[in-house]
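Letter by letter, the chains look like this.
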Amino acid sequence: MAIASKLAWDDTVLPFQLDVSDIRGRVARLDGVLDGILKQHDYPPQVEALVAEMALLTALIGQTIKLRWKLSLQVQSNGPVRMIATDYYAPEEEGAPARIRGYASFDATKLQGKRPFDQIGAGYFAILIDQGQGTAPYQGITPLDGTSLAECAEAYFAQSEQLPTTFKLSFGKSTEAGGTEHWRAGGVMIQHMPEASPLMVEREGHGNILRPADLIRDEDSDDWNRANILLDSAELMELIGPRVSPTELLVRLFHEEQPRVFDAQPVRFGCTCSVERVRQSLSIYSTKDIGTMTTEDGIVTADCQFCGAHYELDPATLGFEANEVDDA
């Protein structure tokens, strides 16, 4: 794949449909998005890998759901990595990029030299959807189960949405000729169309957790199994690129399934923090409370966990007893 073509597919999500088997999906490639997320923090390698995987899942899932505002993924656990949070902000207008941000909270003293997912203990995987003013936020939660964040996401869709879903992901550090080492990620998500695969309530799940296969009717199982076998044949470097474009990957994997592609969605690293949002978050506090947050230099400081932005504010302008702020 030519360099120009590679750049055209970096930081994009390509929707597709397999007409033969009633399966929809997404192909994602992330490059600059990961750089934007990870360069804000000095994460250990295990934590970097978890954040990269979570960002890739966020790109794939966020583009699937017709949002007017924001989708969030969260992992909370009692392990060394206590929390991973990512946000997907839908495009503000037709043709504009979606925005993704993310961060992780962890105890560096408890990290061990094991696989990244081993740093996560018992807890839950959650998806939250906020479509803005006038709508009720949605939240779905499922226990952490599996050997990767991708398997946790598959369990979420089976358990909470009754949608058979499979992810095939690849991510890691890459160094191209003449370039510097940086993170790249790529992956494919497939889902059985909901009208073709209703919840089979009589099926038993894996322990107490449903798996994608638990939701597939017998008459649909051949199509679903065939698509998963084909997806599993994808090589890790094919998923990341840069030599195989997403459209070429779909032809390689699913040419007999008649893949049909739709318009690609560009994605970028982006944060919504601002001084106004900091003021709003502090508006519930009294002048006395604000006083406890004021430094010896007579200011209140705030740092964004997602992008690292640093804010310094006059305490007299904060809280519900604040003086009015002249923004001119």
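First, a word on what this report is: a plain description of the structure on this page. (Residues numbered from 1 in each chain as written. Predicted model: local features only at pLDDT ≥ 70, side-chain atom pairs only at ≥ 80, totals over all residues. Heavy atoms only, no water.)

1. Points about the nonpolar core
Judged by nonpolar contacts, the single largest core of 55 residues is most densely connected at Ile84, Phe125 and Phe167. A total of 12 residues in this core trace back to one element, the largest contributor, which is helix H3 (residues 45-64). Residue contacts for Phe167: discarding those within four places in its chain leaves Leu57, Leu60, Ile61, Ala150, Ala153, Glu154, Phe157, Val188 and Met189. Among the nonpolar cores identified, the runner-up in size contains 18 residues, and Trp9, Leu18, Leu250 and Phe254 belong to it. (Core = buried A, V, L, I, M, F, W, Y, C linked by side-chain atoms within 4.5 Å. Buried < 20%, exposed > 50% of the residue type's maximum accessible area, 1.4 Å probe, protein only. Helix = DSSP H or I, 4+ residues; strand = E, 2+ residues; numbered from the N terminus. Contact = heavy atoms within 4.5 Å.)

2. A look at the environment of Ala227
Among the secondary structure elements, Ala227 is positioned in helix H5 (residues 221-232). Considering only alpha carbons, one finds Ala227 and Leu18, 209 residues apart in sequence, at a separation of 8.9 Å. Those residues in contact with Ala227, other than ones at most four positions away along the chain, are Leu18, Ile23, Ile190 and Phe254.

3. Observations regarding the pairing of strand E12 (residues 300-303)
In terms of strand pairing, E12 meets strand E13 (residues 310-313) through 4 bridges, oriented antiparallel. Residue pairing for E13: Ala302 is matched across the bridge by Tyr311. In this antiparallel pair of consecutive strands, E12 and E13, the connection spans 6 residues, and Gly308 shows a positive phi of 85 degrees. (Pairing = 2+ DSSP bridges.)

4. Concerning the packing of H3 against helix H4 (residues 149-161)
Put simply, H3 and H4 touch, their axes get as near as 10 Å, and they point 35 degrees apart. Between H3, through Leu50, Glu53, Met54, Leu57 and Ile61, and H4, the contact on the second element is made entirely by Leu149, Ala150, Ala153 and Phe157. The class makeup of the residues in the contact of H3 with H4 is 8 nonpolar, no polar and 1 charged. (Axes fitted to C-alpha atoms, helices over the stretch in contact; angles between N-to-C directions. Nonpolar A, V, L, I, M, F, W, Y, C, P; charged D, E, K, R; others polar.)

5. Re the layout of surface pockets
Taken as a whole, the second largest pocket holds about 350 Å³ of empty space. If you trace the second largest pocket, you find 17 residues lining it, with Cys273, Ser274, Arg277, Val278 and Ser281 closest to the centre. Put simply, the parts of the chain that give the lining of the second largest pocket at least two residues each are helix H8 (275-281) and E12. If one sorts the elements of the lining of the second largest pocket by residue count, H8 sits on top with 4 residues. Broken down by class, the residue content of the lining of the second largest pocket amounts to 8 nonpolar, 5 polar and 4 charged. (1 Å grid on protein atoms, 1.4 Å probe; cavity = no way out; pocket = protein on both sides within 12 Å on 5 of 7 lines; lining within 4 Å. Points joined across faces, edges and corners; volume = space filled by probe spheres on them.)

Read these as layout, nothing more, since geometry by itself doesn't imply function.
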